[in-house]
Amino acid sequence: MTTIKKINDKNILGAVKVLKAGDLVCFPTETVYGLGADATNNLAVAKIFNAKNRPSFNPIIVHVSSKKMVERLGILTSLSEKIIDAFCPGPLTIILERKKDSGLSDLLNAGLKTTAFRIPDNTVAIKLLKNFKKPIAAPSANKSGYLSPTKAEHVYEQFKNNEDIPIILDDGRTKVGLESTVVYEENNNIKILRHGGISKELLEDSLKIKIIEGNKNTKFSKDLISPGMLNKHYAPKVPLRINAIHKPNLSKKGNLVEAAANLFSFLSIYEKKGKKIAIAPIPNNGIGRAINDRIVRASSSSSR
Ligand code: TXA
Ligand code: MG
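What you see is a predicted model, and the numbers here were worked out from it, not measured in a lab. (Residues numbered from 1 in each chain as written. Chains lettered and ligands numbered in written order. Predicted model: local features only at pLDDT ≥ 70, side-chain atom pairs only at ≥ 80, totals over all residues. Heavy atoms only, no water.)

(A) Summary view of the overall build of the protein. Per the secondary structure count, the protein includes 10 helices and 14 strands. Evaluated residue by residue, the protein yields a buried proportion of 57% over its 304 residues. In the protein, once contacts between residues fewer than 6 apart in sequence are set aside, the share between residues at least 24 apart is 69%. Carbon together with sulfur atoms contributes 51% to the accessible area of the protein, which is approximately 13900 Å² in total. (Helix = DSSP H or I, 4+ residues; strand = E, 2+ residues; numbered from the N terminus. Buried < 20%, exposed > 50% of the residue type's maximum accessible area, 1.4 Å probe, protein only. Contact = heavy atoms within 4.5 Å. Areas by Shrake-Rupley, 256 points an atom, 1.4 Å probe, with all protein chains shown as cover.)

Structure representation (structure tokens):
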């Protein structure tokens, strides 16, 4: 049985116990809710793949509480260190080569030499990590191909009957509402593999370098660098039409940050009503790029 728990020290310590026992905990981050497991425990990580019905070749992000913890597990380059100093904690995930003695589960790395690291900007997530004292492997807490959860109730709907997930920590609606931006350094260049909470412009302004778009392959292949970036993703179960006008608005004020925060819960509401979804055009800059990315992929998969 899965229970939604309110946030207090007792429930956070209860969640730590669950992680130590090798079971799963749904916890809030500033982007979307995560489905967490002890990142050093193969069996616990296997439970994530099983619960999500996630293909085993799709690697999972490792959440840590500090830069120090990143350094213990991955190999930092000067550019990746600069990114961490500027944007972490925050909605950014950085892919690094993994240290040989990291102790991280091979399963979560899906056969790659690299691991994706993220320091979430959410007090509950950080408290959980600090009390657990180990890295937490966590993808978004949704079944593969479905909407990422921005509320505890979304998680509950998908996983309420899963015995491996006894606890959902309920921190209300997530602040950013879209997943983290995933970046990778290659030959002193930074590539974006997934647009998200930190915009390309913000990265460019802060690092004073041009950011390169990552691989946009739509099919799985051996050299696909970010296996989760399938075209078919984030699917609501009702048809979705983009660039509509005169329809409910993600942000009446035209504020892109507000639109991002509303996107997944908006899609989920319309999915429940069983109505067709129409979304007004979104400017393709800043966080708008991440919103458009999710909308395009949701609409290309909605004909399933
Ligand atoms: O905001 C977020 O990032 C949320 C919260 C819970 O932290 N997590 C999340 O995880 O969105 P997930 O598993 O749904 O998406 C992670 C993405 C996937 O596209 C995966 O393929 C990619 O990151 N990824 C993970 N490890 C990777 C690696 N070593 N190399 C390339 N891509 C990787
Ligand atoms: Mg996901």
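We are not done yet, so read on.
(B) Region of interest: the packing of aromatic side chains. Applying the stated rule across the entire model yields one aromatic pair. Judged by centre distance (5.0 Å) and plane angle (35°), the ring pair of Phe266 and Tyr270 falls under tilted. In this pair, Phe266 and Tyr270 both sit in helix H9 (residues 256-273), four residues apart, roughly one turn of the helix. (Phe/Tyr/Trp six-rings, centres within 6.5 Å; stacked < 30°, edge-to-face > 60°.)

(C) Representation of the side chain of Ser268 in the model. Within the secondary structure layout, Ser268 lies in helix H9. Relative accessible area serves as the criterion here: at 7%, Ser268 is assigned to the buried category. Sequence-distant contacts of Ser268, defined by excluding residues within four places in its chain, comprise Leu147 and His154.

(D) Structural detail: the nonpolar core. The biggest cluster of nonpolar side chains holds 60 residues, and the ones touching the most others in it are Leu35, Leu92, Leu128 and Leu203. Broken down by element, this core gets its largest block of residues, six residues, from helix H6 (residues 123-132). Here this core spans two domains, since at least three of its residues come from each of domain 1 (3-170) and domain 2 (181-223). In this structure, Leu92 is in contact with Ile83, Phe87, Phe117, Arg118, Ser180, Thr181, Val183, Ile198 and Leu203, ignoring residues within four places of it in sequence. Counting residues in each nonpolar core, the second largest holds 22 residues, with Leu147, Leu250, Ile279 and Ile291 among its members. (Core = buried A, V, L, I, M, F, W, Y, C linked by side-chain atoms within 4.5 Å. Domains from an automatic or database assignment.)

(E) Up close: the pattern of salt bridges. Taken as a whole, this structure holds 15 salt bridges when the rule is applied. Here Arg118 makes a salt bridge to Glu30, at a shortest N to O gap of 3.1 Å. On the criterion of sequence distance, the pair formed by Arg118 in strand S7 (residues 114-118) and Glu30 in the loop between strand S2 (25-27) and strand S3 (34-38) is long-range, its members being 88 residues apart. Each of the two residues, Arg118 as well as Glu30, counts as buried. Of the charged contacts, one joins Arg294 and Asp293 as a salt bridge, the two residues approaching to 2.7 Å between their closest N and O atoms. In this structure Arg294 comes out as buried when scored by relative accessible area, which is 1%. We classify Asp293 as buried; its relative accessible area is 16%. (Salt bridge = Lys/Arg side-chain N within 4 Å of Asp/Glu carboxyl O.)

(F) Examining the packing of helix H1 (residues 9-20) against H6 more closely. Look at H1 against H6: their axes get within 9 Å of each other, and the N-to-C directions meet at 55°. Considering the angle they form, H1 stands oblique to H6. Here H1 runs over H6; the crossing is right-handed. Where H1 abuts H6, its residues Asp9, Ile12, Leu13, Ala15, Val16, Leu19 and Lys20 lie against Val124, Lys127, Leu128, Asn131 and Phe132. Classifying every residue of the contact of H1 with H6 by side-chain character gives eight nonpolar, one polar and three charged. (Axes fitted to C-alpha atoms, helices over the stretch in contact; angles between N-to-C directions. Parallel < 35°, antiparallel > 145°, perpendicular 65-115°, else oblique. Left-handed = near helix turned anticlockwise from the far one by under 90°. Nonpolar A, V, L, I, M, F, W, Y, C, P; charged D, E, K, R; others polar.)

(G) Up close: empty space enclosed by the protein. Within the structure shown, the criterion is met by one cavity of 30 Å³ or more. One number sums up the size of the largest cavity: a volume of about 30 Å³. Lining the largest cavity are Val64, Val70, Ile84, Cys88, Ile94, Phe117, Arg118 and Ile119. The class makeup of the residues in the lining of the largest cavity is seven nonpolar, no polar and one charged. (1 Å grid on protein atoms, 1.4 Å probe; cavity = no way out; pocket = protein on both sides within 12 Å on 5 of 7 lines; lining within 4 Å. Points joined across faces, edges and corners; volume = space filled by probe spheres on them.)

(H) The pairing of strand S10 (residues 181-186), seen in detail. Among the six residues in S10, five count as buried, and that is most of the element. Judged from the five bridges that link them, S10 and strand S11 (residues 189-194) form a sheet pairing that is antiparallel. Within S11, the position partnered with Val182 by the bridge is Arg194. Two successive antiparallel strands, S10 and S11, enclose a turn made up of two residues, where Asn187 displays a positive phi of approximately 45°. (Pairing = 2+ DSSP bridges.)

(I) Summary view of unusual backbone geometry. Cis geometry is found at the peptide bond from Cys88 to Pro89, where omega equals 0°. Locating Pro89 in the fold gives a position in the loop between helix H4 (78-87) and strand S6 (92-98). The phi dihedral of Asn53 falls on the positive side, at around 60°, and the residue is not glycine. With respect to the secondary-structure elements, Asn53 resides in the loop between helix H2 (42-52) and strand S4 (62-63). For Asn188, which is not glycine, the phi torsion reads 65° and is therefore positive. Note on Asn188: relative accessible area 56%, which makes it exposed.

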